[in-house]
Amino acid sequence: MPRTLSEVVFVDGVRTPFGKAGEKGMYAQTRADDLVIKCIRELLRRQPDLDPAKVEEVALAATTQIGDQGLTMGRVAGLLAGLPKSTPGYSIDRMCAGAMTAVTNTASSIAFGAYDVAIAGGVEHMGRHPMGEGVDPNPRIIAEKLVDPSALVMGETAENLHDRFPKITKQRCDAFAVGSQNKLAKAYADGKIQPDLVPVATRHDELGWGLATTDEPPRPGTTVEDLAQLKTPFRPHGNITAGNAAGLNDGATACLLASERAATELDLPIGMRLVNYAFVGVEPEVMGIGPVPATEKALDHAGLDISDIGLFELNEAFAVQVLAFLDHFGIADDDPRVNEYGGAIAIGHPLASSGVRLMTQLSRQFAEHPEVRYGLTAMCIGIGMGGSVIWENPHHKDYVSSIDGTGNRTDTEGAA
């Protein structure tokens, strides 16, 4: 008897506005776990007919699992958000791809039939917990030359990527960064970003009580000339600056995933369907190249080609990393399919939370582009990895529901 797998759908995603890390940032005195709790509550508020007891797992990611980002946060945040005590939860760390991995882990469990509805997301409060806080890397990793010392500093790995691909100049990176700022400014003006955001009450010794309703990092009006004047902190006369890289940020994301059968039975909206995903390892010294082989692997497993992808949400940890991806696949720097609403250079990149931001934005774009059947979310990952997830647009004319009376399809029929 063939084993059956359930199709997995992305129902909805939300996020807090992203803040600037540090004492002057809007979340300086806001707990990390409270940020992601706010996201979970908002997901439940948006689906008032969904019995919270139907949520059977909470998977939350954080890169620095310490303090208010520790203590099996998926479980504790679920309880604090109002989920019943019967709902389990756990924590994940795959650095920048934490939330992405929370999604693929729970999606795999849904596909296997372990449960039908889950919440996945991530949080990073880089102001409270800088990347690397409290860690103790084994000295053998350097002493035995398993990696180059630059592999442990993300900005240096980006400079290494410039060395490997000299045609990706600083000027190109600065131009791409300005494009990201401009696209985000337009998306805000057009009301494209606001539906994703969960307002967060804040408290600050200097600023008093406040309400975070928009992202703090964007620098609208930035020009290439402005960026040309910035320092290159990772290498004298280098290429990486604060202008063509994502900043240090605070923020959280969460999304609701379900089997397609459960989504239909519970009358949940279907934003997109998971097609396939892949994670790969690459040389840690050039971790930014990771999305390339990850995407190749995911496409191969899905039986698709890069030309089948109509929308791309690529995490902009560094402009050079995105441009290396685009060059490899023959995509123009200003291709309108890429990061339509802007990316992390403008919005911010609170490490483990960013994967779900990419997915939420792709889901919104699918609704606006019924002509596009497949989209991709991809990101580079510290210590030399890449992740890529392929999604299908339910609004496309060729989308076919798997619901046939059983809610399942056999594992020879392309289930996620």
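What counts, and at which threshold
- Residues numbered from 1 in each chain as written.
- Predicted model: local features only at pLDDT ≥ 70, side-chain atom pairs only at ≥ 80, totals over all residues.
- Heavy atoms only, no water.
- Helix = DSSP H or I, 4+ residues; strand = E, 2+ residues; numbered from the N terminus.
- Rg over C-alpha atoms; globule rule 2.2 N^0.38 Å.
- Buried < 20%, exposed > 50% of the residue type's maximum accessible area, 1.4 Å probe, protein only.
- Contact = heavy atoms within 4.5 Å.
- Areas by Shrake-Rupley, 256 points an atom, 1.4 Å probe, with all protein chains shown as cover.
- Lys, Arg positive; Asp, Glu negative; His and termini not counted.
- Charge placed at Lys NZ, Arg CZ, Asp CG, Glu CD.
- pLDDT = per-residue confidence, 0-100.
- Pairing = 2+ DSSP bridges.
- Salt bridge = Lys/Arg side-chain N within 4 Å of Asp/Glu carboxyl O.
- Axes fitted to C-alpha atoms, helices over the stretch in contact; angles between N-to-C directions.
- Parallel < 35°, antiparallel > 145°, perpendicular 65-115°, else oblique.
- Core = buried A, V, L, I, M, F, W, Y, C linked by side-chain atoms within 4.5 Å.
- UniProt positions renumbered as here; feature names shortened; annotations may be inferred.
- Expected span 1.5 Å × (residues − 1).

1. Section: the overall build of the chain
Counting its regular elements, the chain contains 12 helices and 14 strands. Taken over C-alpha atoms, the radius of gyration comes to 20 Å for the chain, in line with the 22 Å a tight globule of 416 residues would show. In terms of overall dimensions, the chain has C-alpha extents of about 65 × 50 × 50 Å along its principal axes. Within the chain, buried positions represent 57% of all 416 residues. For the chain, contacts bridging at least 24 residues in sequence account for 79% of all contacts bridging at least 6. Total accessible area on the chain stands at roughly 16600 Å², and carbon and sulfur atoms take up 54% of it. Treating the 36 positive side-chain charges of the chain as one cloud and the 54 negative ones as another, the clouds have centres 2 Å apart.

2. Re the confidence of the model for the chain
As a general rule, the predicted coordinates of low-pLDDT regions are not to be interpreted in detail. Averaged over all residues, the pLDDT of the chain equals 94, while 96% of them reach at least 70. Of the regions scoring below 50 in pLDDT, residues 405-416 engages in 30 contacts with residues more than four places distant in sequence or in other chains.

3. Remarks on the pairing of strand β2 (residues 8-15)
The buried fraction of β2 is high, at eight of eight residues. With seven bridges joining them, β2 and strand β9 (residues 249-259) adopt antiparallel strand pairing. Of the residues in β9, the one forming a bridge with Asp12 is Leu256. Both β2 and strand β10 (residues 272-281) contribute to a ladder of two bridges, which runs antiparallel. Each residue of the ladder has a partner; that of Val9, found in β10, is Arg273.

4. Some points on the pattern of salt bridges
Applying the stated criterion to the full structure yields 23 salt bridges. In this structure, the salt-bridge partner of Asp174 is Lys170, at a minimum N-O distance of 2.8 Å. Here Asp174 and its partner Lys170 are both found in helix α6 (residues 170-189), four residues apart, which amounts to about one turn of the helix. For Asp174, a relative accessible area of 2% puts it in the buried group. A cluster of three or more residues bridged by salt bridges with shared partners is formed by Asp12, Glu42, Arg45, Arg46, Asp196 and Arg364.

5. Side note on the packing of α6 against helix α10 (residues 319-328)
Contact pair α6 / α10: the axes reach a minimum separation of 9 Å and the direction vectors enclose 100 degrees. One element, α6, and the other, α10, form an angle in the roughly perpendicular class. Taking contact as the criterion, the partners of Arg172, Cys173 and Phe176 in α6 are, on α10, Ala319, Val320, Val322, Leu323, Leu326 and Asp327.

6. Things to note about the nonpolar core
Formed by 45 residues in total, the largest nonpolar core has its most connected members in Phe312, Leu314, Phe318, Leu326 and Ile390. In terms of residues, this core owes the most to one element, α10, which gives seven residues. Sequence-distant contacts of Ile390, that is, excluding residues within four places in its chain, are made with Arg273, Leu274, Val275, Asn276, Ala298, Leu299, Ala302, Leu304, Ile309, Tyr374, Gly375 and Leu376. Counting 37 residues, the second largest nonpolar core, distinct from the first, contains Ala111, Ala352, Val372 and Trp391.

7. Quick notes on the UniProt feature "domain: Thiolase C-terminal" (unreviewed entry) in the chain
Listed under "domain: Thiolase C-terminal" (unreviewed entry) in the UniProt record, and renumbered for this structure, are residues 273-392. As annotated, residues 273-392 comprises 34% helix and 26% strand, and the C-alpha atoms at either end are separated by 5 Å.

8. Quick notes on the environment of Ser363
Inspection of the secondary structure assignment puts Ser363 in helix α12 (residues 354-368). Through-space distance from the C-alpha of Ser363 to that of Gly271 is 5.3 Å; in sequence the pair is 92 residues apart. Non-local contacts of Ser363, meaning those with residues more than four positions away in its chain, are made with Phe10, Gly271 and Met272.

9. Some points on α6
With 20 residues, α6 extends 29 Å from end C-alpha to end C-alpha; this agrees with the ideal 28 Å at 1.5 Å per step. Those residues of α6 not exposed but buried are Lys170, Arg172, Cys173, Asp174, Phe176, Ala177, Val178, Ser180, Gln181, Leu184, Ala187 and Tyr188. Taken together, the buried residues of α6 touch α5 (154-164), α7 (224-228), α10 and α11 (344-347). Looking one or two residues past α6, Gly191 carries a phi angle of roughly 75 degrees, positive in sign.

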